[in-house]
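# Structural description and commentary
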Amino acid sequence: MKMTMNGKTIINDVNLCLESERLKTFGDWPNDPEWFCTPQKLASAGFCFNPSDDCLDNVCCAFCSKELDGWEPDDDPLSEHKRHSSKCPFLKLKKPFEDQTLEECSKFLNKVYVFLSDLAFNKYTKEFKDNASQARENIETFFLERYIGCGENET
């Protein structure tokens, strides 16, 4: 089952809330299994394996959608997750998802949806403001060139 918001998949599979299911996504993990940064530690930190042609070791948090790649042998997945997405709801869990009550799971998933909604809102607000600013500049330039003659040589 997919969970989507505004047409974007936010949790591919509710089962990815479970660490054991996230770990299953690392079947073709390209990095050395002797590294400190192992699939087990990545899954434990909330990540799923999500490679692309450009980023063979790309992972994505199942809860905040933060993507990270370029893993080094000594990287600590949980520390990196905290550093790059400190407000991720997964990082605030007091006990593993598997040990949550139904009520706690429901509240947690609600926090995930609120978090992702806020991310989307902030992204679209920024895009709107950027577009509005550009539109204002275009209108001002048009007005100045058309009605005041700025930028034209008057003879």
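Going by the structure above, here's the rest.
Let me sum up the structure you'll find in this document.

The rules we used
- Residues numbered from 1 in each chain as written.
- Predicted model: local features only at pLDDT ≥ 70, side-chain atom pairs only at ≥ 80, totals over all residues.
- Heavy atoms only, no water.
- Helix = DSSP H or I, 4+ residues; strand = E, 2+ residues; numbered from the N terminus.
- Buried < 20%, exposed > 50% of the residue type's maximum accessible area, 1.4 Å probe, protein only.
- Contact = heavy atoms within 4.5 Å.
- Areas by Shrake-Rupley, 256 points an atom, 1.4 Å probe, with all protein chains shown as cover.
- Polar contact = N/O pair within 3.5 Å; in protein donor to acceptor, adjacent residues only side chain to side chain.
- Pairing = 2+ DSSP bridges.
- Phe/Tyr/Trp six-rings, centres within 6.5 Å; stacked < 30°, edge-to-face > 60°.
- Lys NZ or Arg CZ within 6 Å of the ring centre and 35° of its normal.

Turning our attention to the overall build of the protein chain. Helix and strand counts for the protein chain stand at four helices and five strands. Ordered by position in the sequence, the α and β elements of the protein chain form the string β-β-α-α-β-β-β-α-α. The buried share among the 155 residues of the protein chain stands at 31%. A separation of at least 24 residues holds for 45% of the contacts in the protein chain among residues at least 6 apart in sequence. For the protein chain, the accessible surface area stands at approximately 10600 Å², while carbon and sulfur atoms represent 51% of it.

This next bit is on the environment of Asp57. Among the secondary structure elements, Asp57 is positioned in the loop between β3 (47–49) and β4 (59–61). Remark: the alpha-carbon pair of Asp57 and Asp28, spanning 29 residues in sequence, is separated by 9.5 Å. Each residue touching Asp57, except ones within four places of it in the same chain, is listed here: Trp29, Pro30, Asn31, Phe49, Leu68, Asp69, Gly70 and Trp71. Looking at Asp57, its side chain comes within polar contact range of the main-chain nitrogen of Trp71, at 2.8 Å.

If you walk across this open sheet you meet the three strands as β3-β4-β5, and the pairing is antiparallel. Edge positions in the open sheet fall to β3 and β5 (67–68), since each of these has one partner strand only. Note that β4 and β5 share two bridges and pair antiparallel. Of the residues in β5, the one forming a bridge with Val59 is Leu68.

Taken as a whole, this structure holds seven aromatic pairs when the rule is applied. When the ring of Phe47 is compared with that of Trp71, the centres are 6.0 Å apart and the planes differ by 70 degrees; the resulting orientation is edge-to-face. Of this pair, Phe47 sits in strand β3 while Trp71 sits in the loop between β5 and α3 (77–84), and the two are 24 residues apart along the sequence. An identical accessibility class is assigned to Phe47 and Trp71; each is buried. Among the aromatic side chains, those forming a connected cluster through ring pairs are Phe63, Phe90, Phe97 and Phe108. Above the ring of Phe36, the side-chain terminus of Lys41 is found at 3.6 Å from the ring centroid.

Note that every value here comes from positions in space, so none of it alone points to a role or purpose.
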